[in-house]
Amino acid sequence: MDVQRSARRVDRIAEPWGTRTPYGRHQAWPARQDTYLAEGLGPEDVERWVRAASILHSDGDAMDIAVRGGAMVGVRGRVADRVNRGRLGPKDAFGWQANASRDRLTTPLVRRDGRLAPADWDTAMDLVVSRTQDLLAGPGPGSIGFYTSGQLYLEEYYTLAVLARAGIGTHHLDGNTRLCTATAAEALKESFGCDGQPGSFDDIDHADVIALFGHNIAETQPVQWMRILDRLEGADPPRLLCVDPRPTQVARRAAVHLAPRAGTNVALLNALLHEVIRAGHTDRDWIDAHTVGFEELEKAVKDCHPRWAAGICDVRAADIVAAAELLGTADRLLSTVLQGVYQSHQATAAAVQVNNLHLIRGMLGRPGAGVLQMNGQPTAQNTRECGADGDLPGFRNWENDAHVADLARVWNVEPSAIPHYAPPTHALQMFRYAEQGSLKMLWISGTNPAVSLPELARVRSILSRRRLFTVVQDLFLTETAQLADVVLPAATWGEKTGTFTNADRTVHLSERAVDPPGAARPDLDIFLDYARRMGFRDKDGAPLVSWHDPESAFEAWKRCSAGRPCDYTGLSYEKLRGGSGIQWPCNESAPEGTDRLYTDGISWAHPDVCESYGKDLVTGAAVPMVEYRSLNPDGKALIKAAEYLPPHETTDAGHTFQLTTGRTLYQFHTRTKTGRVPQLAAAAPDVWVEMSVADAGSLGLDEGDLVEVSTARGALRGRLRVTDIRPGMVFVPFHYGYWDTPAGFGPDGAVPGRAANETTVTDWDPVSKQPLFKTAAAAIRLVEKGDGRPSPAPTTTASAPARPDAVPATRGDGTAQILELTPAEDDGPDDGSPGGPR
C-alpha cells in the first residue's frame, strides 16, 4: 500500500485528534497511519518494527514500536487493526519515551535503618518470602493482601490470581480498577448476569444517536473520538447526547448537552426513562422475550417527570425532554458510560439505568445498537476476567459451589483451597484492615495509591506504619514506593511480552522490543519467582503454577476460560500476530471472534451460569441465590429500578462548591510515565482549578490566580482556569502528585499539596465499592493574585478558557509533531510496512 500519497505533519499537541477522514453511516472507517519517530530519524532508519498496543488508555490502539540500536525510537499506528485503523492519540505517540527515563528503577531496594538501599534480587525476594511464611504460620492468609493495577498483562494477572487465591489462600486481592471500572463490571452483572461489553467500537460506524453519560471520550479514548469526529464530518452523521457538567469537546458537538448537579445521575436517568416509556418508545415484544422487571421499572419512574428531575439536577426540563426524544426515536442507539457515572453518587444504580434504556428499547446485538460500560485503563478488562479484582477467574460466581469446584478442577486443588466463604475484599476495605492492623503485608504492583486513593493523608499514614510490611513492584520510585519496605524494579510495555484486552473485548499481543534497564524484570517473572520460592503445590504435589513464560501462561489461561463467557480457546500468540486484534469470545463456534454479545438473546444470566446473583442497588445487600432463581428462572436480562437518594456529602455555608476530579488528555493516572514525557509534560505541566465565569466573578477571581481548594479532609492549591463549567462546581485533575517535588511523597510541611485526593472522601458505592471522587463539598479562597501568567491547563480540551483571547493556545512548539500518512482510497489495509512487524 502506498501510504505516502497524502502526508501531512501535524502538531498533535495543538491538534490532538489530527486531521479528518470523513465517512458515512454504515461505511468502513478509512485508515490513517500516524507515525512519530525520534528527531532526525525517518522510516528508513528503523531497523525493525515490533507489534504492541496502547498502554496509556483503554482504547487498545494497535501500534508498532520502532527499534534502532537496541532502543525504542518511535511508534506508528497499525492500519489493519479494527480498533484504530492506524491512528494514535497523543499519549500513544509520545508516551514510549518514558521507558528511557534516567530515573527508572534498575535494582531492588530494601529498607535498612529507615532508608531504602540497593540490594540484589535474592536478598529482596528472601525478605518477601520469609515475611509471607511467617505470616502464614502465624495469623494466616487473611493477614496478606495484594493490590494490583489496570496496566499489567493478562498472563501476569492470571498468575497473580492463582498464587494469591490457591497459593496463599487469601480473600484480599484487588486492582486499582476498583477506582475506575468496578462499576462497569457490576452494572453489567446486574443487567446481564455477567461481565463483558455487549457492544463494539464498530457500533460508532452504524449508530444514528450516540449518548455519552459522564464520558469525556475526547480525552479518555481519543482515537474513538476521532472516529466520531469523522462520522460527524461524513454523510448521515450521528446526533450526540452528552451528559457532563463540563464543557467537553463532546458537549460542544452535542445536539443536546445536559450538565447536571453532581450526585444526581439517577434522578436524571429516571426522568429519561419516564419520558421514553410515556412516549411509547419501548419495544414490548423484545422486552417480553428477553427481560424481566419492566413493570417494576415502569412503576418506579411513573412520577419521575422532567420537572421533578429539573429541580434536583438543575437542568432545564425542556432539555430533558429533548434528550429523551433523541434516545426514544433513535434507529440505532449506542451508549457509553465512564467516570462521571462510575465515580459519582449511586454509581451502579445510575449505570444500570443506562442499560435499562437499551433493554426497554431492544437496542442490543445489532450494528450500532449497543452499550459500552467503558474502562479507563488499558487492561482493566483483564483484571476482571482473570480474577485479579475480587471476582473468580473466568467470570465464575464465588457463591456458586459448582463454579468453585470447576475452578478447583482447572487448578487441581481442593475447592476448600479457594476462599469463597465471604465476598472478596475490595481495595478500600484492604486499606482499612491495614489501618486496623489485621492486614500485615500488602504487595502493591503497578499502581500508586499514595496519589490515587481518596483522603491521602490517611493513606500515607497507613503505608508508613511499621507493622505493615509493604512490597511495591513498579517502574519508578513513586510516592508509594518511597514508603515501602521492599521495592522490586519491573519491566514495562515494550520490554516484555503479553496480551491485553481493551474496552470492547479486543485482545492484542504486545511483544518485547527492547531489554528492560538494569536488573528490572517483567512482572510475570517476578510472580513466577515468588511462586517457585514459596513452593506452592497442587493437590498431587506438582507445582501449582506450572507455566514458565508468557505464552505458556496464556495457554494456561485458555484452559481456565474454556466454556466461560470470556472464552479465549480459539486464540493463540500466532493468531494474534495477524494484522488485527480479535474480540472474545473466540472459540470453536466463533473462530474469528465475536463482534457483539447478545445477538440471539441473553446468554449468561441463567442461575446456573451467571457470574453474580446481583445486589440491591440502594443498599448493596447481596441477592440470595434462591431469590434470584425465583425471579429469573429462565436467565433473561434484568431490568432493575433504583430510587434517587441525595448525596452523602452536600454543600453548606462553609463549603459552597461541589468538587469533582477527573482526567486530562495529556496525562495518565499519577503521571509516573506521562509526566516524564517532554511533550505531554509541557502540555499540562501542573495542577489547576476550574471554576465558572459567574463563580469567579462573584469571588473576584481571575485566570491564573493561585487558589486553595479545601474540604473536611484536606486542601490543595492550584492556578485558576475560568471556564464554562456549570456554576457551583469546581474541577481539579487528579494526576498530580509529589514525585517531582522536593518532598517526594506528600505535601511539604504546612503548605497544602497539589494532589486532588488530599480533599476527596473515603466513601464508596454500596454495590461496586468504587470510591466516590466526584461529590465532595469544598471551599475556595484566594491565596495570591496572579502575576499575568495563565493557568497551566490546556486550551484544547474541556479545560478551554471561557475567554480564549486571554490565554495562549496550547501548542507543541515544533517538538510534538507527528507525520500522518493517509492511504489512498483504493488501497486495502495492511500492517504498514513491507513484511509487517517482526
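Everything quoted here is computed from the prediction, not taken from an experiment. (Residues numbered from 1 in each chain as written. Predicted model: local features only at pLDDT ≥ 70, side-chain atom pairs only at ≥ 80, totals over all residues. Heavy atoms only, no water.)

Enquirer: Tell me about the packing of aromatic side chains, residues and numbers included.
Expert: A complete count under the given rule lists 17 aromatic pairs for this structure. Seen in terms of ring centroids, Trp-443 and Tyr-530 are 4.7 Å apart; in terms of plane orientation they differ by 80°. Their pairing is edge-to-face. With Trp-443 in strand β16 (residues 441-445) and Tyr-530 in helix α20 (residues 523-534), this pair connects stretches of sequence that are 87 residues apart. Between Trp-557 and Tyr-568 the ring centres are 5.7 Å apart and the planes differ by 75°, which places this aromatic pair in the edge-to-face class. A residue pair is termed long-range when its members are at least 10 positions apart, and Trp-557 in helix α21 (residues 550-561) and Tyr-568 in the loop between α21 and α22 (573-576) qualify at 11 residues. The burial state of Trp-557 is the same as that of Tyr-568; both residues are buried. Through a chain of ring-to-ring contacts, three or more aromatic side chains come together here, namely Tyr-158, Trp-547, Phe-554, Trp-557, Tyr-568 and Tyr-573. The side chain of Arg-76 reaches across the aromatic face of Trp-49, ending 3.9 Å from its centre. Positioned above the aromatic ring of Trp-739, the side-chain terminus of Arg-676 is 3.7 Å from the ring centre. (Phe/Tyr/Trp six-rings, centres within 6.5 Å; stacked < 30°, edge-to-face > 60°. Helix = DSSP H or I, 4+ residues; strand = E, 2+ residues; numbered from the N terminus. Buried < 20%, exposed > 50% of the residue type's maximum accessible area, 1.4 Å probe, protein only. Lys NZ or Arg CZ within 6 Å of the ring centre and 35° of its normal.)

Enquirer: Describe the sheet that holds strand β3 (residues 48-53), naming the residues involved and giving the relevant values.
Expert: Strands sit in the order β1-β29-β2-β5-β4-β3 across an open sheet of six strands; the sheet is antiparallel. Across the chains shown, the open sheet's two edge strands, defined by having one partner strand only, are β1 (6-11) and β3. Geometrically, the sheet is characterised by an average inter-axis angle of 30° between neighbouring strands, direction not taken into account. (Pairing = 2+ DSSP bridges. Axes fitted to C-alpha atoms, helices over the stretch in contact; angles between N-to-C directions.)

Enquirer: Requested: an account of the pairing of strand β5 (residues 71-77), with residues and values cited.
Expert: Where burial is concerned, most of β5 is hidden: six out of the seven residues are buried. Of the pairings in the sheet, the one linking strand β2 (residues 33-37) to β5 comprises three bridges and is antiparallel in character. Residue Leu-37 lies in a different strand from β5, and its bridge partner there is Gly-74. The sheet contact formed by strand β4 (residues 62-68) and β5 spans six bridges and is antiparallel. In the sheet register, Val-67 faces β5, and the bridge partner there is Met-72. Taken together, β4 and the strand that follows it, β5, pair antiparallel across an intervening segment of two residues, in which Gly-69 is found at a positive phi of about 60°.

Enquirer: Can you lay out the side chain of Asp-523 for me, pointing to particular residues and giving the numbers?
Expert: In this structure, Asp-523 sits in helix α20. A polar contact is formed between the side chain of Asp-523 and the side chain of Gln-473, at a distance of 2.8 Å. When near neighbours in sequence (up to four residues on either side) are disregarded, Asp-523 contacts Leu-152, Glu-156, Gln-473, Ala-490, Ala-491 and Lys-496. (Polar contact = N/O pair within 3.5 Å; in protein donor to acceptor, adjacent residues only side chain to side chain. Contact = heavy atoms within 4.5 Å.)

Enquirer: Just give me the short version of the packing of helix α8 (residues 265-278) against helix α12 (residues 317-329), but keep the residues and values in it.
Expert: Running from N to C, α8 and α12 point in directions that differ by 60°, and their axes come no closer than 9 Å. Of the possible angle classes, the one that applies to α8 and α12 is oblique. Along this stretch, α8 crosses α12, giving a crossing that reads as right-handed. Every residue of α12 that contacts α8 at Leu-268, Ala-271, Leu-272, Glu-275 and Val-276 is listed here: Ile-320, Val-321, Ala-323, Ala-324, Leu-327 and Gly-328. In the contact of α8 with α12, the residues fall into nine nonpolar, one polar and one charged. (Parallel < 35°, antiparallel > 145°, perpendicular 65-115°, else oblique. Left-handed = near helix turned anticlockwise from the far one by under 90°. Nonpolar A, V, L, I, M, F, W, Y, C, P; charged D, E, K, R; others polar.)

Enquirer: How would you sum up unusual backbone geometry? Please name residues and give values.
Expert: Of the consecutive residues Trp-584 and Pro-585, the connecting peptide bond is found in the cis state with omega at 0°. With respect to the helices and strands, the residue Pro-585 is situated in the loop between β21 (582-583) and α23 (625-631). Residues other than glycine seldom take positive phi values, yet Gln-346 does so here, at roughly 55°. If you trace the backbone, Gln-346 turns up in the loop between α13 (339-342) and α14 (347-361). A positive phi angle is found at Tyr-598, which is not glycine, with a value near 65°. Looking at the element boundaries, Tyr-598 is found in the loop between β21 and α23. For Tyr-598, a relative accessible area of 5% translates into the label buried.

In short, geometric facts, not functional conclusions.
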